[in-house]
Each structure stands twice: as C-alpha cells, then as structure tokens.
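Here is what each chain is made of, one letter per residue.
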Amino acid sequence: MEYVSRVPRPPLDGLIDDLYYLEGARPYARLTLPASPAAFLIVNLGAPFRIRAGTDVETAEYADGCVVTTPTRAFEFGYPLRTRSVGVHFKPWGLAPFLPMPAAELCDRPVTVEQVWGRPAVAELRDRLATAEGPHEMLTLLEEELTRRLGEAAGLGLVRHTSRIIAATSGAVAIDDLRVSAGVSSTHLAQRFKELIGVTPKRLARTYRFAATVLSINPAEPIDWADLAGGAGYFDQAHFGHEFRAFTGLTPTRYVEVRRRFLREHPGHVLDGWPLPTD
C-alpha cells in the first residue's frame, strides 16, 4: 500500500496536521478507527467504502468521500479490495473554517463531501485529482482547494488557544483553569467548542488523555495495566477499562491482541498503529 503525506503551507498548517494520499490493497476488509482528537476529510477516488459510526447506527456507503468531526466513538470502515483516496487530517479545530454548519451537527455523524461542499464542486475536484500525474500533484491540488475554501470561524482563536493547552498536557488540565485563563464563562467556552470542534473541552481532554495513553502502549512487550492506568491519571484500572471500551469498543486485553495480530500479519504496514482489524 502506498502512503504519501506532507504538512501544508501557512496558513493551512495551523489547521491541518497533514495532507495524504493512500492507494493499494486493503489489509483487512474492515478496520476500526478508535475515537481520536482529530477531524478528517477523505476524497474518495476508488470504489465506495462503508462506515458504521457505532454499534447502534446502520452502515452507510460513501462514494465521493466523507467528512468527520472529532469523534466520540469508534468508527468501523469497510473497504473495497483496493482503495484510492486523498485526505486531510485536521487539528481538532481545523475543520471549522471549511464547514457551512456548526461542527456539533456532524458529531458522530459522518457525511459525504457533497453534503458539505456541494455536488458540482466535489465532482470537479475529483475529476482534477483523478487526472493528476501523481500523488504530489494531487496533494497540491487538494491544498489549493482548501486554501480557496478557507473561511472565517467566529471564536477560532479562543478554541485554538485552549485546545493547544489541552493537547500540550495530554488532557491533564482542569477545565475550570482553562476557563479562567481564557477569561470567559464555562458556558461560552463549551458553546464555542461545540460549534467549532463538535465536543466540549472536557470531552476533548478525555480524548487526548486516552489517545496519549493508548499510543504509549508497545504491544510487543508485557503491559502492566494498573501502572499504565495510574500513570495516565485514571482513578483505577476499572475506570481505564471503561474508557477503553467507550473509545475503541474493545477491552484493553482485546485491543493488544488485535494490535499484535496486525503486527504479525502485516509487519511495517503504513496503517499500523491506530486503525484496528475488525475481521
């Protein structure tokens, strides 16, 4: 599988972690993407893929791609035999200037790119991407499209500043301290976060803490779960286990089994780390 990525130029670099190109045979028919402190956009250039946003939601098909604000639950992706797409990994606040609606309206509700940017615009973009000479030209075209669509988002400075503090502390910060530092009420701060990120500051902090903890796990080595939970600031191992199931749909031990399976069956694969095999 080919994976090419790069950080965009300013001002997009303040909103986006990276632009990427992905093409090749799927490692598994289905992959689970645990909740993470990031939003993303996928422009699909191959056969449709499917997303199930939680066990209580029906699977939906996406032909042109999808837009996802910061999720609070694991998403299951069903891929065709071969996949081809370009996409954007946004910082939690980074998607807001490209949305015509509040981010909260899309929380845990993936939508098509067409629903956000309109059918004619998306069709034209996909045509230009499909005829580009290679991944680097495709990423340049995507960056130009994003720059052209960059809009204003009221309260973005406040949300970006506060979110960066949350990120820098891996979620280990008192939300009331954030409010005092920002000089706004807790209600105002929560409203701005929901409008621009889709979740409250408290929820974003939980997601950062969980992501930092899980990404520190080396599945190839023995794991002291009690020590890991305590070091991450969880009340006890039971609390950590509850968070694990809420964010991944798996128990901690099952998560490690799945990671080890991926490492064993696909060593060095570009998708190793966060997506998890479902089959």
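The rules behind these values
Residues numbered from 1 in each chain as written. Predicted model: local features only at pLDDT ≥ 70, side-chain atom pairs only at ≥ 80, totals over all residues. Heavy atoms only, no water. Pairing = 2+ DSSP bridges. Helix = DSSP H or I, 4+ residues; strand = E, 2+ residues; numbered from the N terminus. Salt bridge = Lys/Arg side-chain N within 4 Å of Asp/Glu carboxyl O. Buried < 20%, exposed > 50% of the residue type's maximum accessible area, 1.4 Å probe, protein only. Core = buried A, V, L, I, M, F, W, Y, C linked by side-chain atoms within 4.5 Å. Contact = heavy atoms within 4.5 Å.

(A) Quick look at the sheet that holds strand β5 (residues 49–52). Taken in spatial order, the five strands of this open sheet run β6-β5-β8-β3-β10, and their pairing is antiparallel. Edge positions in the sheet fall to β6 (60–62) and β10 (276–277), since each has one partner strand and no second. The pairing of strand β3 (residues 30–33) with β10 spans two bridges and is classified as antiparallel. Bridge pairing links T32 to L276 in β10.

(B) Layout of the pattern of salt bridges. The final tally for this structure, using the stated rule, is 16 salt bridges. We note a salt bridge from R192 to E195, for which the minimum N-O separation is 3.0 Å. Note that R192 and E195 are positioned in helix α6 (residues 186–196) at a spacing of three residues, about one turn of the helix. The partly exposed category is assigned to R192, whose relative accessible area is 23%. Via salt bridges that share partners, R128, E145, R148 and R149 belong to a single interconnected network.

(C) Inspection of the nonpolar core at higher detail. The biggest cluster of nonpolar side chains holds 50 residues, and the ones touching the most others in it are F90, W117 and L146. Among the elements that line this core, the one with the most residues is helix α3 (residues 135–149), at five residues. Every residue in contact with F90, bar those within four places of it in the chain, is listed here: L15, I16, D17, A38, A39, F40, L41, L95, F98 and L146. Formed by 16 residues, the second largest nonpolar core is a distinct cluster that contains F244, F247, V256 and V258.

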